[in-house]
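So you can see what is in the structure, the chains are spelled out below.
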Amino acid sequence: MLATTSPTTASTLASFKLELTTTQTDLKMSQVRSLSIFSGSGISLLPSLSSFQVLRVLDLENCDLKKGCHLDLKHTLIVTSDVRLPSTIVELRRLMFLQVPENTILPEGMGNLTSLESPNFGKELRNLTKLRELELWWDEMDKSLEEVWIESLCNLHEIQNLRIFAVGDSSLDFMGERWMPSGRLWRFVTGVSCLFTIIPAWIRKNSSLLTNLTDLDICLKELRQEDLKALGRLPTLLFLDLDADKSECLLTCAGEFCWLRSFRLCIKDSLQLTFQLGALPRVEIVYLGYFSMQDTRDGGNVDFDVGLENLLSLELVYVYLRRTTGTIDSDMESAKSALRHAAQIHPNHPTLVIKESS
């Protein structure tokens, strides 16, 4: 099966799909901008791709490109699954976007594609100086591989969107001290198995330089009060998703997180947090977990008051309560009652969702 987008007029080059059989040969190849091929038989129907003079996106699935298909794309190549890429792909020097499945075997010389702005592979990165979007995956990280990543990342001065994931637990501390993102970075995301021991130095020491960072999703072994303050100084942060194995007793103060809209904080050990008046003045959505009944009381918060009433723009709250050994139903109900009261007296009457976890 082959699907193509063909506009009715040159001025309305829009994307819509039609089915093609062997009898449908009168295609206006010169007007096709987007082409999707879903089988090996589909690709056999194609003339040379050079016939598609304005082709910008090629989406392939279950095709063998090594069988006589000439590639000359300018913008985007999307490979969905089970596709054998030809070695000639490294000649697509105008290609700006490339998406391939995680286990795709790429030919040598991918570093020649210096116009790429958004690949999802991690080989020969140091030459791709125009990269704006990068997603990295790895199984295991050793010292030699750390050196490769650091050298490559330090050459990528245009990176705006960086996402890092690992199959098993992996420390990202090698990035914490030795890499400084450019001021262009607007999103930084790590998977739950990729951890920094503490907030990386490029946030602690240079938060004022990260003038475009609006979206941060990061995992830590420990969240300290000083690190929370460093995060609060990020000048344009809108969305914060923060996981940690453990933390100190935390306090958010006036003047911190001035532009934040969504705040998620999850501590695996137990969360002890208080919002002061004037903190997070624009936050609308808050996710908090996990509160342990015993740890909360032992920390002196016998009324289970986290200061939700001080978040003046609040609209939606998710709270996760953890049952531990010794937790009794009356303690759990007291915590829920305190949280409901805080939502009721809040001037916005935010929606409150309470979840239990063991």
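A quick note: this is a predicted structure, and the numbers were derived from the prediction, not measured. (Residues numbered from 1 in each chain as written. Predicted model: local features only at pLDDT ≥ 70, side-chain atom pairs only at ≥ 80, totals over all residues. Heavy atoms only, no water.)

Some remarks on the environment of valine 353
In step 1: Its location among the elements puts valine 353 in strand β19 (residues 351–357).
In step 2: Looking at valine 353, the relative accessible area reads 21%, which means it is partly exposed.
In step 3: Those residues within four positions of valine 353 in sequence are excluded, and the remaining contacts are Val317, Tyr318 and Val319. (Helix = DSSP H or I, 4+ residues; strand = E, 2+ residues; numbered from the N terminus. Buried < 20%, exposed > 50% of the residue type's maximum accessible area, 1.4 Å probe, protein only. Contact = heavy atoms within 4.5 Å.)

Some remarks on the state of the cysteines
A disulfide bridge is the covalent bond that connects two cysteines by way of their sulfur atoms.
In step 1: One pass over the full model with this rule turns up 0 disulfides.
In step 2: Cysteine 194 takes part in no disulfide bond, and the closest cysteine sulfur to it belongs to cysteine 219, at a distance of 7.7 Å.
In step 3: Taking relative accessible area as the criterion, cysteine 194 reaches 0% and is therefore assigned buried. (Disulfide = S-S within 2.5 Å.)

Focus: helix α5 (residues 225–232)
The periodicity of an α-helix, 3.6 residues per turn, causes residues three or four positions apart to be oriented the same way.
In step 1: The element α5 is extensively covered by neighbouring structure, given that 6 of its 8 residues are classed as buried.
In step 2: Each element contacted by the buried residues of α5 is listed here: α4 (201–204), β12 (215–223), β13 (239–247) and β14 (250–252).

Looking at the sheet that holds strand β18 (residues 316–322)
In step 1: The 9 strands lie next to each other as β7-β8-β10-β12-β13-β15-β17-β18-β19, forming an open sheet whose pairing is parallel. Strand pairing shows two members of the sheet lacking a second neighbour, β7 (133–138) and β19, which therefore form its edges. Taken pair by pair, the neighbouring strands of this sheet meet at an average axis angle of 15°, ignoring direction.
In step 2: The sheet contact formed by β12 and β13 spans 8 bridges and is parallel. Across the sheet, residue aspartate 215 finds its bridge partner in β13, namely phenylalanine 239.
In step 3: In this fold helix α7 (residues 329–345) packs onto β18 and β19, with an angle of close to 165° to the strand it touches most, β19. (Pairing = 2+ DSSP bridges. Axes fitted to C-alpha atoms, helices over the stretch in contact; angles between N-to-C directions.)

With respect to the confidence of the model for the protein
In step 1: Scored by pLDDT, the protein has a mean of 78; 66% of the residues are at 70 or more.
In step 2: A low-confidence stretch, residues 1–26 stays under pLDDT 50, and its non-local contacts, those more than four residues away or across chains, total 49 contacts. (pLDDT = per-residue confidence, 0-100.)

Here we look at the pattern of salt bridges
In step 1: Counted by the stated rule, this structure contains 15 salt bridges.
In step 2: Residue glutamate 133 is joined to arginine 163 by a salt bridge in which the shortest nitrogen-to-oxygen separation is 3.2 Å. Of this pair, glutamate 133 sits in strand β7 while arginine 163 sits in strand β8 (residues 161–166), placing them 30 residues apart in sequence.
In step 3: The exposure class of arginine 163 is buried, given its relative accessible area of 16%.
In step 4: The closest approach of N and O atoms between aspartate 227 and arginine 224, which form a salt bridge, is 2.9 Å.
In step 5: Of the residues examined, arginine 224 reaches a relative accessible area of 18% and is grouped as buried.
In step 6: Three or more residues are tied together by salt bridges with common partners; here these are Arg323, Asp329, Glu333, Lys336 and Glu356. (Salt bridge = Lys/Arg side-chain N within 4 Å of Asp/Glu carboxyl O.)

Looking at the pairing of β19
In step 1: One ladder, built from 7 bridges, connects β18 with β19; its direction is parallel. Residue arginine 322 lies in a different strand from β19, and its bridge partner there is serine 357.

Comments concerning the nonpolar core
In step 1: With 67 residues, the main nonpolar core has Leu162, Met175, Phe188, Phe263 and Leu265 as its most contacted residues.
In step 2: Beyond its immediate sequence surroundings of up to four residues, phenylalanine 188 is in contact with Leu162, Ile164, Met175, Trp179, Phe196, Trp202, Leu213, Asp215, Leu216, Asp217 and Ile218. (Core = buried A, V, L, I, M, F, W, Y, C linked by side-chain atoms within 4.5 Å.)

Structural notes on empty space enclosed by the protein
In step 1: With the rule as written, the count across this model stands at 1 cavity of 30 Å³ or more.
In step 2: The computed volume of the largest cavity comes to approximately 50 Å³.
In step 3: As for the largest cavity, its lining consists of Met293, Gln294, Arg297, Thr324, Thr325, Gly326, Thr327 and Asp331.
In step 4: Counting residues per element, the lining of the largest cavity draws most heavily on helix α6 (residues 293–298), which supplies 3 residues.
In step 5: Across the lining of the largest cavity, the residue classes tally to 1 nonpolar, 5 polar and 2 charged. (1 Å grid on protein atoms, 1.4 Å probe; cavity = no way out; pocket = protein on both sides within 12 Å on 5 of 7 lines; lining within 4 Å. Points joined across faces, edges and corners; volume = space filled by probe spheres on them. Nonpolar A, V, L, I, M, F, W, Y, C, P; charged D, E, K, R; others polar.)

So, unusual backbone geometry
In step 1: Cis geometry is found at the peptide bond from glycine 289 to tyrosine 290, where omega equals -5°.
In step 2: Mapping tyrosine 290 onto the fold places it in strand β17 (residues 285–292).
In step 3: Here the phi dihedral of phenylalanine 257 falls at roughly 50°; this positive angle occurs in a residue that is not glycine.
In step 4: In this fold, phenylalanine 257 is placed in the loop between β14 and β15 (262–267).
In step 5: Backbone geometry at histidine 349 places phi at a positive 45°, although glycine is not the residue there.
In step 6: Topologically, histidine 349 is positioned in the loop between α7 and β19.
In step 7: For histidine 349, a relative accessible area of 56% corresponds to the exposed category.

A closer look at helix α2 (residues 143–155)
In step 1: Given a rise of 1.5 Å per residue, 13 residues ought to cover 18 Å, and the 19 Å separating the end C-alpha atoms of α2 matches this to within 8%.
In step 2: Among the residues of α2, Glu146, Trp149, Ile150, Ser152 and Leu153 are the ones counted as buried. Taken around the axis of α2, the buried residues stretch over an arc of 170°, which confines them to a single face.
In step 3: Those residues of α2 that are buried lie in contact with β7, β8 and α3 (173–178). (Expected span 1.5 Å × (residues − 1). Arc of directions from axis to C-beta.)

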